[in-house]
Amino acid sequence: MSFEIRKIVSYVEETFIEGGKAADRPVTMVGLAVVMKNPWVGNGFVEDLKPQIRENCSDLGAMMVERLVGIIGGAEKIEAYGKAAVVGAEGEIEHASAVIHTLRFGNHYREAVKAKSYLSFTNKRGGPGTSIQIPMMHKDDEGLRSHYITLEMKIEDAPRADEIVVVLGCADGGRLHPRIGNRYIDLEELAAEKAQ
């Protein structure tokens, strides 16, 4: 892999109590971030980003998925998943997007967890210590609101101006004590209201 990686950062969060009520089962969220040099910075406006995508994104995705799955204790534990990228000030949002919005990168994750849903995402520009939000949804059902969760993390010295932070996130459950129903219930209720 020729992406130049400066560091890999992992973040683990376990929640036991929400709203003053203990969970039947705690929920674990994991974020895995790769801090890498932006390969397009310093070359002016690069019209074709695909050579770097084709050469490097599959290896990066495979490596990140293997590490993430190892941290949470196995692909079978993952219920919710997502991705994010933050580009430093000298780069373009398109550079961050180029790394995470390709099947060469994302298919490793979808296949590892046998997912049906698309990977929810954020991509933005930021400096060292910026908040990184990884939105997640259920890997098999994007209408299941209980698994609309966001992992937030930061890396004090990243991204530098010429870097990209690439992140995968996962959770072994949804929000504690979900009570708002799901998209399908809303559709039924709206249809019933219109029929009256």
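Residue positions are counted from 1 within each chain, in the order its sequence is given. Given that the model is predicted, a residue must reach a pLDDT of at least 70 before its local features are reported, and side-chain atom pairs must reach 80 or more before they are shown or counted; all residues, however, enter totals for whole chains, interfaces and linings. Hydrogen atoms and water are omitted, and side-chain values are computed over all heavy atoms in the structure.

An unreviewed UniProt entry lists the chain under the name Peptide synthetase, from Pseudomonas silesiensis.

Can you tell me about the overall build of the chain, naming the residues and giving the values?
Counting from the N terminus, the helices are the DSSP runs of H or I reaching at least four residues and the strands are the DSSP runs of E reaching at least two. Each helix and strand counted, the chain has four helices and seven strands in total. Listing each helix as α and each strand as β along the chain from the N terminus yields β-β-α-β-α-α-β-β-β-β-α. Only C-alpha atoms enter the radius of gyration; for comparison, a globular chain is expected to reach 2.2 Å times N to the power 0.38, where N is the number of residues. Relative to a compact globule of 196 residues, whose C-alpha radius of gyration would be 16 Å, the chain shows 18 Å and is just as compact. Seen through its principal axes, the chain has C-alpha atoms that stretch 60 × 40 × 30 Å. Classification of residues uses two cut-offs on accessible area relative to the type maximum, computed with a 1.4 Å probe and protein chains only: under 20% is buried, over 50% is exposed, and between them is partly exposed. Burial status across the chain gives 46% buried among its 196 residues. A sequence separation of at least 24 residues applies to 78% of the contacts in the chain between residues at least 6 apart. For the chain, the exposed surface amounts to about 10100 Å²; the carbon and sulfur share of it is 50%. Distance from the positive charge centre (24 side chains) to the negative charge centre (29 side chains) of the chain: 1 Å. The contact criterion used is simple: two residues touch if any of their non-hydrogen atoms lie within 4.5 Å. Only the protein chains shown count as covering a residue, and every accessible area follows the Shrake-Rupley method with a 1.4 Å probe. Charge counting treats Lys and Arg as positive and Asp and Glu as negative, with His and both chain ends excluded. To locate a charge, take NZ of a lysine, CZ of an arginine, CG of an aspartate or CD of a glutamate.

I'd love a proper account of the side chain of S146, names of residues and values included.
Locating S146 in the fold gives a position in the loop between β5 (132–138) and β6 (149–153). Within 3.5 Å is the distance limit for a polar contact, defined as a pair of N or O atoms, with the added protein rule that one can donate a hydrogen and the other accept it, and that residues adjacent in sequence qualify only through two side-chain atoms. At 2.8 Å, the side chain of S146 and the side chain of H147 are in polar contact.

Give me the packing of aromatic side chains: which residues, what numbers.
Two aromatic rings are characterised by how far apart their centres lie and by the angle between their planes. Ring pairs are drawn from Phe, Tyr and Trp, using the six-membered ring of Trp, whenever the two centres fall within 6.5 Å, and their geometry is named by plane angle: stacked under 30 degrees, edge-to-face over 60, tilted for the rest. Taken as a whole and assessed by the stated rule, the structure comprises one aromatic pair. Their ring planes at 70 degrees and their centres at 5.1 Å tell us that Y81 and Y109 sit as a pair that is edge-to-face. Taken together, the positions of Y81 in strand β3 (residues 80–87) and Y109 in helix α3 (residues 103–113) put the pair 28 residues apart, joining distant regions of the chain. You'll find Y81 and Y109 in the same group, each marked buried.

I'd love a proper account of the nonpolar core, names of residues and values included.
Note on terminology: a nonpolar core comprises buried Ala, Val, Leu, Ile, Met, Phe, Trp, Tyr and Cys residues joined through side-chain atoms within 4.5 Å. In terms of nonpolar packing, the biggest core is built from 34 residues, with L60, M64, V99, Y109 and V166 touching the most fellow members. By residue number, the principal contributor to this core is helix α1 (residues 50–72), which donates nine residues. Residue contacts for Y109: discarding those within four places in its chain leaves V65, L68, I78, Y81, G82, L119, L168, G169 and C170. Judged by nonpolar contacts, the second largest core, of 18 residues, contains A80, M153, A158 and V167.

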